[in-house]
Amino acid sequence: GQQVMQIPQYQHVQEGEDFTTYCNSSTTLSNIQWYKQRPGGHPVFLIQLVKSGEVKKQKRLTFQFGEAKKNSSLHITATQTTDVGTYFCAGDAGNNRKLIWGLGTSLAVNP
Amino acid sequence: DSGVTQTPKHLITATGQRVTLRCSPRSGDLSVYWYQQSLDQGLQFLIQYYNGEERAKGNILERFSAQQFPDLHSELNLSSLELGDSALYFCASSPTGLSTDTQYFGPGTRLTVL
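In what follows, the accompanying structure is described. (Residues numbered from 1 in each chain as written. Chains lettered and ligands numbered in written order. Predicted model: local features only at pLDDT ≥ 70, side-chain atom pairs only at ≥ 80, totals over all residues. Heavy atoms only, no water.)

### Topic: the interface of chain B and chain A
Inference 1: Contact residues are listed per partner, giving 23 residues for chain B and 18 residues for chain A.
Inference 2: Interface area for chain B against chain A, summed over the two sides, is near 1,700 Å², with a carbon-plus-sulfur share of 52%.
Inference 3: Three residues, Leu43, Ser99 and Phe105 of chain B, lead the burial of chain B against chain A; their summed loss comes to 31% of the area buried on that side.
Inference 4: Counting the contacts that link chain B with chain A gives 0 salt bridges.
Inference 5: The set of elements that each furnish at least two residues to the side of chain B that touches chain A consists of strand E4 (31-37), strand E5 (44-50) and strand E6 (53-57) of chain B. (Contact = heavy atoms within 4.5 Å. Buried area = accessible area lost by both parts, 1.4 Å probe. Salt bridge = Lys/Arg side-chain N within 4 Å of Asp/Glu carboxyl O. Helix = DSSP H or I, 4+ residues; strand = E, 2+ residues; numbered from the N terminus.)

### Comments concerning the pairing of strand E8 (residues 74-78) of chain B
Residues and elements named next belong to chain B.
Inference 1: Within E8, 5 of the 5 residues are buried, leaving the element largely enclosed by the surrounding structure.
Inference 2: Of the two faces of E8, the one lined by Ser74, Leu76 and Leu78 and the one lined by Glu75 and Asn77 are each fully buried.
Inference 3: Bridge analysis of strand E3 (residues 19-24) against E8 gives 5 bridges, and the strand direction is antiparallel. If you follow threonine 20 over to E8, its bridge partner there is asparagine 77.
Inference 4: Alignment of strand E7 (residues 64-68) against E8, held across 5 bridges, turns out to be antiparallel. The residue of E8 that forms the bridge with serine 65 is asparagine 77. (Buried < 20%, exposed > 50% of the residue type's maximum accessible area, 1.4 Å probe, protein only. Pairing = 2+ DSSP bridges.)

### What about the nonpolar core?
The tendency in soluble globular proteins is for nonpolar side chains to be buried side by side.
Inference 1: Membership of the largest hydrophobic core comes to 21 residues, with the highest contact counts inside it found for Val19, Leu21, Trp34, Leu76, Leu78, Tyr89 and Leu111 of chain B.
Inference 2: Looking at this core, the elements that each hand over two or more residues are E3, E4, E5, E7, E8, strand E9 (87-94) and strand E11 (109-113) of chain B.
Inference 3: Residues within four places of leucine 111 of chain B in sequence aside, it is in contact with Leu11, Thr13, Val19, Leu78, Leu81, Asp85, Ser86, Ala87 and Tyr89 of chain B.
Inference 4: Counting 20 residues, the second-largest nonpolar core is a separate cluster that includes Val13, Cys23, Leu49 and Leu74 of chain A. (Core = buried A, V, L, I, M, F, W, Y, C linked by side-chain atoms within 4.5 Å.)

### Description of the layout of surface pockets
Inference 1: Of the voids in this model, the second largest pocket is the one considered here, and its volume is about 400 Å³.
Inference 2: Taken together, 18 residues form the lining of the second largest pocket, with Ile100 and Trp101 of chain A together with Leu43, Gln44 and Asn59 of chain B sitting closest to its centre.
Inference 3: Within the residue set of the lining of the second largest pocket, elements represented by two or more residues are strand E1 (4-7) and strand E10 (99-101) of chain A together with E5 of chain B. (1 Å grid on protein atoms, 1.4 Å probe; cavity = no way out; pocket = protein on both sides within 12 Å on 5 of 7 lines; lining within 4 Å. Points joined across faces, edges and corners; volume = space filled by probe spheres on them.)

Following this line, the structure appears as structure tokens:
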């Protein structure tokens, strides 16, 4: 079946270091969304990517959608303690109805 | 505050019992989604409704059922509960139910089965 794999599962960084999480699909995605869940909280929408090769930035966060629309990445520059949480990607494999969710990458930031 | 409300916040029950979780979507949203999140696990999509009709199904057990009512609120019924059903259950809503919608999540209901 359709799968979306996220790596790494966990990442510990020192404050100020960069962080990247990757999302890989077994099939071409029509769009991909990224969500962040703070500890004890609920997932919150960050961004949606739709176009092949698309790059979007939100302050220190850079999101990319691969040329083949099968992978995506989220890069955080100079992490801060406020970046702590689990980052999920979720993609649509083309039926425009159901998102397939990755298992998430949990980020811990040491001050 | 996402505008999605879920009740109750916490629920403690025993194995074999049945519980009902309730969700009210954001004003104007027609679609509701249910997710299960176990400890250290990702989000498991259970089921989606749009304007009262089931739209998509995920890994929902036969012991679980859901419905969306005419006023668009939704209920998730969990029966014959097992210890492994202990988890955080999230409801999310979106305007049209299409995959391009942003999903707005509620605060979740934490279910503990003893």
